[in-house]
Number of protein chains: 2
Amino acid sequence: MGVTKTEIFTEAQNEIATLAKAFAHPARVAILHHLFKSNTCICGDLVDEIGLAQATISQHLKELKTIGIIKGNIEGTSVCYCIDTENWTRIKNTITAFLDNHPTNINCC
Amino acid sequence: MGVTKTEIFTEAQNEIATLAKAFAHPARVAILHHLFKSNTCICGDLVDEIGLAQATISQHLKELKTIGIIKGNIEGTSVCYCIDTENWTRIKNTITAFLDNHPTNINCC
DNA sequence: TTAATTAATCGTAATATTGCAATAAATAAA
DNA sequence: TTTATTTATTGCAATATTACGATTAATTAA
């Protein structure tokens, strides 16, 4: 009832779902877009650039960090966030492998 | 409060989020995995193969169909679902483009 | 030390998602 | 037509997510 039955799915299936969840909110996509743009990392400017409250942005950053997509370095009073390049590559490969799973020249219906 | 503020994000950001949402639940990933395996399409066997109620599977299929990842053909009393190859490619390209956005040789923190 | 700045956390409210039993709808078979 | 089969829909209940104000924690500057 309302709870995802993680145990009935394979590791791979749960992993894809977890990774996809990271990109499943436009605010998190926007955060990543901003991190792409400035290859030196931005910090709390994200709050100004994206129109969400500081608490909300912080929450989204935490989720991205938990999944391992970004990492944060404390610099004085502010925190510098940036893409975790190694993990990004790993995640990209996982998702790409999944998306490449389907032969694109078959149409059964 | 509690509502995603779609209007403050770009079209592209919202699209990525919408597409990612399709893959953000293991049941939907499992459904797609099953559709990959049998390149002739499966129908209600999904209910037996995945351990979820018929209503739940039907709901997930509907979501995948709404996003355009799969399509269904009525065949007698049953429905034959399969990957929408054209859309799959389009979705794959969109996500891949996003994932390729980040230069993997930069590490700012 | 005190004030200012910045980010994380807490508490709460609202909406979204997930799951299923029950039912409806549609087709096939008898 | 009646019955079986299969899928979609409806109507809940429970959990998850999103968002933000208020507060806390940590560091810097004065």
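Everything discussed here concerns the structure shown above.
Residues numbered from 1 in each chain as written. Chains lettered and ligands numbered in written order. Predicted model: local features only at pLDDT ≥ 70, side-chain atom pairs only at ≥ 80, totals over all residues. Heavy atoms only, no water.

Trainee: Got a minute to help me understand the overall build of chain A in this structure?
Mentor: Helix and strand counts for chain A stand at five helices and two strands. Since a compact globule built from 109 residues should have a radius of gyration of about 13 Å, the 17 Å found for chain A marks it as more spread out than a globular shape. Once the C-alpha set of chain A is aligned to its principal axes, its extents read approximately 55 × 35 × 25 Å. Burial analysis of chain A (109 residues in total) assigns 45% to the buried set. In chain A, the share of contacts with a sequence separation of at least 24, taken over all contacts with a separation of at least 6, comes to 49%. (Helix = DSSP H or I, 4+ residues; strand = E, 2+ residues; numbered from the N terminus. Rg over C-alpha atoms; globule rule 2.2 N^0.38 Å. Buried < 20%, exposed > 50% of the residue type's maximum accessible area, 1.4 Å probe, protein only. Contact = heavy atoms within 4.5 Å.)

Trainee: Just to check I follow, could you spell out the relation of the copies chain B and chain A for this structure?
Mentor: Copy one and copy two of the chain differ by a rotation about a common axis and a shift along it. Expressed as a screw transformation, the operator carrying chain B onto chain A has a rotation angle of 180 degrees and an axial translation of 0.0 Å, and the superposed copies differ by an RMSD of 0.0 Å. Taken together, the turn and the small shift mark the pair as related by a two-fold rotation axis. Ranked by how close their C-alpha atoms come to the rotation axis, the residues of chain B are headed by A20 of chain B, at 2.6 Å. When the interface residues of chain B are mapped onto chain A, 100% of them again fall at the interface, so both copies present the same face. (Least-squares fit on C-alpha atoms with pLDDT ≥ 70 in both.)

Trainee: Before we go on, may I ask you to explain the interface of chain B and chain A in this structure?
Mentor: Many authors give the size of an interface as the accessible area that is lost as the parts come together. Listed as interface residues are 49 residues of chain B and, on the opposing side, 49 residues of chain A. Summing both sides of the interface, chain B and chain A together bury roughly 4,500 Å²; the carbon and sulfur share of this comes to 71%. If you look at where chain B meets chain A, you find two salt bridges. For K92 of chain B, the salt bridge goes to D100 of chain A, with nearest N and O atoms at 3.1 Å. The interface formed by chain B and chain A holds eight residue pairs in polar contact (both at pLDDT 80 or more) in total. The element best represented in the side of chain B that touches chain A is helix 5 (residues 85-99) of chain B, accounting for eight residues. (Buried area = accessible area lost by both parts, 1.4 Å probe. Salt bridge = Lys/Arg side-chain N within 4 Å of Asp/Glu carboxyl O. Polar contact = N/O pair within 3.5 Å; in protein donor to acceptor, adjacent residues only side chain to side chain.)

Trainee: Sorry, what's going on with the nonpolar core here?
Mentor: Most often, soluble globular proteins keep nonpolar side chains buried together rather than apart. Core analysis: the biggest nonpolar cluster contains 60 residues, and F23 and L32 of chain A together with F23 and L32 of chain B have the highest contact counts within it. If near-sequence neighbours (up to four positions away) are discounted, F23 of chain B is found in contact with I16, A17, A20, F98 and L99 of chain A together with V29, L32, I69, W88, I91 and I95 of chain B. (Core = buried A, V, L, I, M, F, W, Y, C linked by side-chain atoms within 4.5 Å.)

Trainee: I'm lost on the pairing of strand 2 (residues 78-83) of chain B in this one. Help?
Mentor: All names here are of chain B. With six bridges connecting them, strand 1 (residues 70-75) and strand 2 associate as antiparallel partners. Bridge pairing in strand 2 places I70 opposite I83. In this antiparallel pair of consecutive strands, strand 1 and strand 2, the connection spans two residues, and G76 shows a positive phi of 70 degrees. (Pairing = 2+ DSSP bridges.)

Trainee: How should the side chain of H60 of chain A be read in this particular structure?
Mentor: Residue and element names in this part refer to chain A. Checked against the element boundaries, H60 lands in helix 4 (residues 54-67). Overall, H60 belongs to the buried group, its relative accessible area being 8%. When sequence neighbours within four positions are dropped, the list of residues in contact with H60 reads H25, A27, R28 and I31.

Trainee: Looking at this structure, I do not really get the packing of helix 5 (residues 85-99) of chain A against helix 5 of chain B. What am I missing?
Mentor: Helix-helix packing is described using two parameters, namely the angle between the two axes and the distance between the axes. Running from N to C, helix 5 of chain A and helix 5 of chain B cross one another at 175 degrees; their axes reach a closest spacing of 11 Å. Between helix 5 of chain A and helix 5 of chain B, the crossing angle belongs to the class labelled roughly antiparallel. Two secondary-structure elements touch here, helix 5 of chain A through W88, K92, I95, T96, F98 and L99 of chain A and helix 5 of chain B through W88, K92, I95, T96, F98 and L99 of chain B. Residue composition of the contact of helix 5 of chain A with helix 5 of chain B, grouped by class: eight nonpolar, two polar and two charged. (Axes fitted to C-alpha atoms, helices over the stretch in contact; angles between N-to-C directions. Parallel < 35°, antiparallel > 145°, perpendicular 65-115°, else oblique. Nonpolar A, V, L, I, M, F, W, Y, C, P; charged D, E, K, R; others polar.)

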